[in-house]
Each structure stands twice: as C-alpha cells, then as structure tokens.
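Each chain, written out:
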Amino acid sequence: LKSLDGIQKNVGEALAVIVIFLGQIAAGSSVFNLCAFLLACLVVILVRIYGLAGKVKAKTPEAGKTPVIQAIAGKNGATDLKVASISNSSP
C-alpha cells in the first residue's frame, strides 16, 4: 500500500464500502438503500475523475510573430487601433 498514492487509496476504500454494502444485502442482514448506494457510487466516480484530471500546467508563450498595435485618432475624437507591423519576438 505504500506505493499507491492517496487518491487511489480513497477510490479503493470507497469501492470496499460498496462491496461490503452489497455483501450485507446479499446476506440478508441489511436492506437495500438506493440513496446510500448512489452516494457511494458518486463518491467513487468523482474521486476517480479527480485522479484522472491531473494537474493543470501553465502555458508557455510561443515564440513567433507578435503584432504591434498603434493608436490613431479617428473620427469624432475617438481613438482607433490598427496593426502597424508584425515583428518576430525574441526570448
């Protein structure tokens, strides 16, 4: 168990709860409770999705062409923007 991470341990424990729950119903010592069963399944599914999602990696800016924007005076005193040139960006 030392090699498993925390999320996999939680998924295993939640699955064990579902198996024990179904075993008690099969043995006749418990009555099937749909709400409890669905909640246990929901926990397993959500923890599994969380484990599969992984960490979000920051995007690195791509080297390439960068537009240079220039502000010019437009009609009625408004300021318009236009692309003046496109230059190669250098790291």
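Residues numbered from 1 in each chain as written. Predicted model: local features only at pLDDT ≥ 70, side-chain atom pairs only at ≥ 80, totals over all residues. Heavy atoms only, no water.

**What about the overall build of the protein?**
Of regular secondary structure, the protein possesses two helices and two strands. Along the chain direction, N to C, the helices and strands of the protein fall in the order α-α-β-β. When each of the 91 residues of the protein is scored for burial, the buried share is 7%. Once local pairs closer than 6 in sequence are excluded, the contacts in the protein between residues at least 24 apart make up 24%. Summed over its atoms, the accessible surface of the protein is roughly 7,900 Å², and 63% of this surface lies on carbon and sulfur atoms. (Helix = DSSP H or I, 4+ residues; strand = E, 2+ residues; numbered from the N terminus. Buried < 20%, exposed > 50% of the residue type's maximum accessible area, 1.4 Å probe, protein only. Contact = heavy atoms within 4.5 Å. Areas by Shrake-Rupley, 256 points an atom, 1.4 Å probe, with all protein chains shown as cover.)

**What about the packing of helix H1 (residues 6-27) against helix H2 (residues 34-53)?**
Where H1 contacts H2, the axes come no closer than 9 Å and their chain directions differ by 160°. What the angle tells us is that H1 and H2 run roughly antiparallel. Judged by the sense of rotation from one axis to the other, the crossing of H1 with H2 is left-handed. Note on element contacts: H2 touches H1 through Phe37, Ala40, Cys41, Val43, Val44, Val47, Arg48, Tyr50 and Gly51, opposite Ile7, Asn10, Val11, Ala14, Leu15, Ile18, Phe21 and Leu22. Counted by class, the contact of H1 with H2 contains 14 nonpolar, two polar and one charged residues. (Axes fitted to C-alpha atoms, helices over the stretch in contact; angles between N-to-C directions. Parallel < 35°, antiparallel > 145°, perpendicular 65-115°, else oblique. Left-handed = near helix turned anticlockwise from the far one by under 90°. Nonpolar A, V, L, I, M, F, W, Y, C, P; charged D, E, K, R; others polar.)

**Section: the packing of aromatic side chains**
The final tally for this structure, using the stated rule, is two aromatic pairs. Taking 6.1 Å as the distance between ring centres and 40° as the angle between the ring planes, the aromatic pair formed by Phe21 and Phe32 counts as tilted. Taken together, the positions of Phe21 in helix H1 and Phe32 in the loop between H1 and H2 put the pair 11 residues apart, joining distant regions of the chain. For Phe32, a relative accessible area of 42% gives the class partly exposed. Judged by centre distance (5.7 Å) and plane angle (50°), the rings of Phe32 and Phe37 are tilted. (Phe/Tyr/Trp six-rings, centres within 6.5 Å; stacked < 30°, edge-to-face > 60°.)

**Focus: a nonpolar patch on the surface**
A grouping of Leu39, Leu42, Ile45, Leu46 and Ile49 is seen on the molecular surface, where their side chains present a nonpolar patch of about 480 Å² in accessible area. Tracing the backbone shows Leu39 in helix H2. Residue Leu39 is classed as partly exposed on the basis of its relative accessible area of 49%. (Patch = residues over 30% accessible without salt bridge, like charges linked within 9 Å, V, L, I, M, F, W, Y side chains within 5 Å. Salt bridge = Lys/Arg side-chain N within 4 Å of Asp/Glu carboxyl O.)

**Structural notes on H1**
Over its 22 residues, H1 runs 31 Å from end to end, which matches the ideal 32 Å to within 8%, given 1.5 Å per residue. Following H1 by one or two positions, Gly28 has its phi on the positive side, about 90°. (Expected span 1.5 Å × (residues − 1).)

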